[in-house]
Amino acid sequence: MVTSSLASYFAADRLSALDASFLYLERSTEPLHVGAVMLLEGSVPFERFVSLLGERLDPLRRYRQRPVRPPLDLALPRWMDDPAFDVRRHVHQVRLPAPGGEAELHAVVDRLFATPCDAAMPLWETYLIEGLAGGRAAVLTKVHHCMIDGVSGAKVLEVMTDPGPAAAGGGEPERGIAAPTAAAGLPGGLQAILDVVRPSAVIEGARGLFDAARALTSTFGAPPDPTVLNGALGADRGVAWTAFPLDTFLAVRGAAGCKVNDVVLAVIAGALRRYFIARGITPPAGMRSLVPVNVRRGEDALNLGNRVSALFATLPVDVADPVERLARVVKETRALKAAGQSRALETALAIAGMMPAPSGPLLARLGTLRPLVHTVCTNIPGPRETRFVLGRRVLEMHPLVPLAIGMGVGFAILSYDGLLSITATSDPALVPGVAELPAMLRQSLDELIECTGSAPVRVPAAAAGHTTTVADLMTADPVVIGPHDTLAVAWTAMRERRIRHLPVVERDGKVVGLVTHRDLLAASQSSLTVVREDERVRFLGAATASEIMETHLSIARPDEPAADAGTRMVRQKIGCIPVVAEDGRLAGIVTEEDFLRWATDQMAASAA
């Protein structure tokens, strides 16, 4: 029996070093599971809900496995099938006490999210929470961070839900298309050897290691002093969330000429500044946030585990002026990206993954002695379309982030169906009054809206008669790139085709981002220092579209009134909106030029 168990252990898949690190970092007061709360417009039958999850999650083998650590951590943990797996041990029914309001819901979520998952089973739990006011229900998911990161977690939420109210069956979840080999006709191992011994690859690798060492030394050389939000964590958690119209963040982004993530970081900085001042504390300078960066390829969408790097961005909570706060964030994130900080950390993580397995727990423990960040702000693009659970519409999705290494508060951001949610998770002993943060976040955003002049634009009533739709104006079959195409490819495509916008699509045709000419100019060297075109292209060849693309997008449907799309373009100060079909695939784009061409045709027709 022992021999059989050992054989099963050594035959099982190993965790990656990064996935294993979340097991090593976990403490009894620091459970490291991520999660989400979905608010449903009505109740669903519990038994049907259990069956639905059983069908949807069955193809994801990780949900039937648990990580097993060897004695003394002499090797990386391995994924072992749970012979007693039963989905009913992981799906639970909870009923709120009357009156089932926000206070009762938050009290239950706080308690359940603070509880570690049972290590004797696969490390996930789902709760159907009933008894909300108005006949609504909620779903709370908990999944250990060793199983998923934010992006794969969002994909699992899509697997659990439906794109329409009528779809309620099971079935194999959609997967990414496998990537082709780098060179047809060569075995993968031989191609890898040829890649390694290529002189140019050796030089590029050496340069990458040097750049990684330089970037990480500047980041980790001077760990920041802790703030009042940092300290030894207790066992309790407090969770508070609020949802905003995504359009509002897009409008501020357009006015400031930055990324949605920059606006989010500035809003969080403003809210933290208010939190400090409300408690009579001088807002500290140099408050550093861990900002995870997705490095997952499209074909890895449902390959669970962690595929992330990170930026270490300073939140300017000491800056009073909201516009200056945003400008500081934009300058900081652009500088970190230009310095290749996320690529440097990715390189360092790859090197750490090659170290002897027993060093992993030691490195994890050393990392807790002098924390490098004060908080975390993780931003995840979620489903753009409305999702349903057993025919009930998902009204809102709110992501949940765990706390560790002395961080008393962390923020998770998720866009869904035209909304953008910001959720704060806190240790109430270190950060009391977390319920005040949603109002402070709203106030922080409101002052940015006022100062940037990005208030909503009034849409005039449509005239009687035929309504011009987006499909009447859009450019079908536009030029596109993939998320892992280099910026040199994007630059060349724009110059040759005389265009300024490139939708970024996966191999299944689904839109994951947008790269603009302005993005490329911000990512490239000045024309004063780079005169020759081939030099600029070579410089842009070092980064990919995924590193600069905007992932939180304003999209249009083909049958949407063109006036509505045009109004959004004016407010958000954007020159292009991707047009997306019901299945999420790109149908075309509508640009300023399309509107100008239509207007010119109309004027010419009326003058005739």
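On a predicted model such as this, the values are computed, not experimentally measured, just so you know. (Residues numbered from 1 in each chain as written. Predicted model: local features only at pLDDT ≥ 70, side-chain atom pairs only at ≥ 80, totals over all residues. Heavy atoms only, no water.)

### A few points about helix α10 (residues 322-338)
Structurally, the α-helix is built with 3.6 residues per turn, so residues lying three or four positions apart point the same way.
Next, step 1: Along its 17 residues, α10 runs 24 Å from first to last C-alpha, staying within 8% of the 24 Å computed at 1.5 Å per residue.
Next, step 2: Within the span of α10, buried status applies to P322, R325, L326, V329, V330, T333 and L336. Seen from one end, α10 has its buried residues packed into an arc of 140°, which puts them on one side. α10 presents K331 and A338 as exposed residues on the side facing more than 90 degrees away from its buried surface.
Next, step 3: Of the residues one or two after α10, G340 is the one with positive phi, at around 70°. (Helix = DSSP H or I, 4+ residues; strand = E, 2+ residues; numbered from the N terminus. Expected span 1.5 Å × (residues − 1). Buried < 20%, exposed > 50% of the residue type's maximum accessible area, 1.4 Å probe, protein only. Arc of directions from axis to C-beta.)

### Quick notes on the sheet that holds strand β4 (residues 91-95)
Strands in a sheet are paired, the pairing made by backbone hydrogen bonds, and the direction either parallel or antiparallel.
Next, step 1: An order of β4-β5-β6-β1-β12-β11 is seen for the six strands of this open sheet, with the pairing classed as mixed. With one partner strand each, in any of the chains shown, β4 and β11 (388-389) form the two edges of the open sheet.
Next, step 2: Note that strand β1 (residues 33-40) and strand β12 (residues 392-400) share six bridges and pair antiparallel. Among the inter-strand pairings, L39 is bridged to a residue of β12, identified as E396. (Pairing = 2+ DSSP bridges.)

### Topic: the pattern of salt bridges
Next, step 1: One pass over the structure, following the stated rule, counts 22 salt bridges.
Next, step 2: With a shortest N-O distance of 3.0 Å, K142 and E125 are connected by a salt bridge. Of this pair, K142 sits in strand β6 (residues 137-144) while E125 sits in strand β5 (residues 124-130); the two residues are 17 residues apart in sequence, bridging distant segments of the chain. Here the two residues K142 and E125 agree in accessibility, since each one is buried.
Next, step 3: Salt-bridge contacts for R597 lead to D594; the nearest nitrogen and oxygen are separated by 3.0 Å. Note that R597 and D594 are positioned in helix α20 (residues 592-607) at a spacing of three residues, about one turn of the helix.
Next, step 4: For R597, a relative accessible area of 41% translates into the label partly exposed.
Next, step 5: Classification of D594 by relative accessible area gives buried; the value is 3%.
Next, step 6: Through salt bridges with shared partners, one network takes in R274, R325 and E447. (Salt bridge = Lys/Arg side-chain N within 4 Å of Asp/Glu carboxyl O.)

### Observations concerning the packing of helix α8 (residues 246-256) against helix α13 (residues 437-452)
When two helices pack together, their arrangement is given by the angle between their axes and by how far apart the axes lie.
Next, step 1: Put simply, α8 and α13 touch, their axes get as near as 10 Å, and they point 40° apart. Here α8 lies oblique to α13, going by the angle between them. In the packing of α8 onto α13, the handedness of the crossing is left-handed. Seen from α8, the contacting residues are T248, F249, V252 and A255; seen from α13, they are L445, L448, I449 and T452. (Axes fitted to C-alpha atoms, helices over the stretch in contact; angles between N-to-C directions. Parallel < 35°, antiparallel > 145°, perpendicular 65-115°, else oblique. Left-handed = near helix turned anticlockwise from the far one by under 90°. Contact = heavy atoms within 4.5 Å.)

### Side note on the packing of α10 against α13
Next, step 1: As a packed pair, α10 and α13 sit with axes 9 Å apart at the nearest point and diverge in direction by 95°. The angle between α10 and α13 places the two elements in the roughly perpendicular class. Along its contact with α10, which presents P322, V323, R325 and L326, the element α13 presents S444, E447, L448 and C451.

### Considerations on the nonpolar core
Next, step 1: Residues F49, L57, Y63, V91, W124, C146 and M147 are the most contacted members of the largest nonpolar core, which totals 47 residues.
Next, step 2: Going through the elements one at a time, α2 (17-25), β1, α3 (46-57), β5, β6, α5 (150-160), β12 and β13 (409-416) are the ones with two or more residues in this core.
Next, step 3: It is α3 that contributes the most residues to this core, six residues altogether. (Core = buried A, V, L, I, M, F, W, Y, C linked by side-chain atoms within 4.5 Å.)

### Brief notes about the pairing of strand β19 (residues 586-591)
Next, step 1: Of the pairings in the sheet, the one linking strand β15 (residues 475-476) to β19 comprises two bridges and is antiparallel in character. In the sheet register, A476 faces β19, and the bridge partner there is G588.
Next, step 2: Strand direction decides the pairing type here: strand β18 (residues 576-580) and β19, joined by five bridges, are antiparallel. Directly across from V580, in β19, lies its bridge partner L586.

### Things to note about unusual backbone geometry
Next, step 1: Each neighbour pair has its own omega, and for A98 with P99 the value is 5°, a cis peptide bond.
Next, step 2: Mapped onto the elements of the fold, P99 is located in the loop between β4 and α4 (102-114).
Next, step 3: Positive phi, normally seen in glycine, also occurs at L72, with a value near 60°.
Next, step 4: Its place among the elements puts L72 in the loop between β2 (65-68) and β3 (78-81).
Next, step 5: Judged by its relative accessible area of 74%, L72 is exposed.

### A word on the sheet that holds strand β9 (residues 308-315)
Next, step 1: One open sheet accounts for six strands, arranged β7-β14-β13-β10-β8-β9; its pairing is mixed. Looking at which strands have only one partner, the edges of the open sheet turn out to be β7 (238-245) and β9. Pairwise comparison of adjacent strand axes, ignoring direction, gives a mean angle of 20° for this sheet.
Next, step 2: Direction of pairing for strand β8 (residues 287-294) relative to strand β10 (residues 375-381): parallel, over a ladder of two bridges. By the bridge assignment for β10, L290 is matched with V376.
Next, step 3: Relative to β7, α4 is tilted by about 125°, and along the sheet it contacts β7 and β14 (419-426).

Any link to function would need more than the numbers given here.
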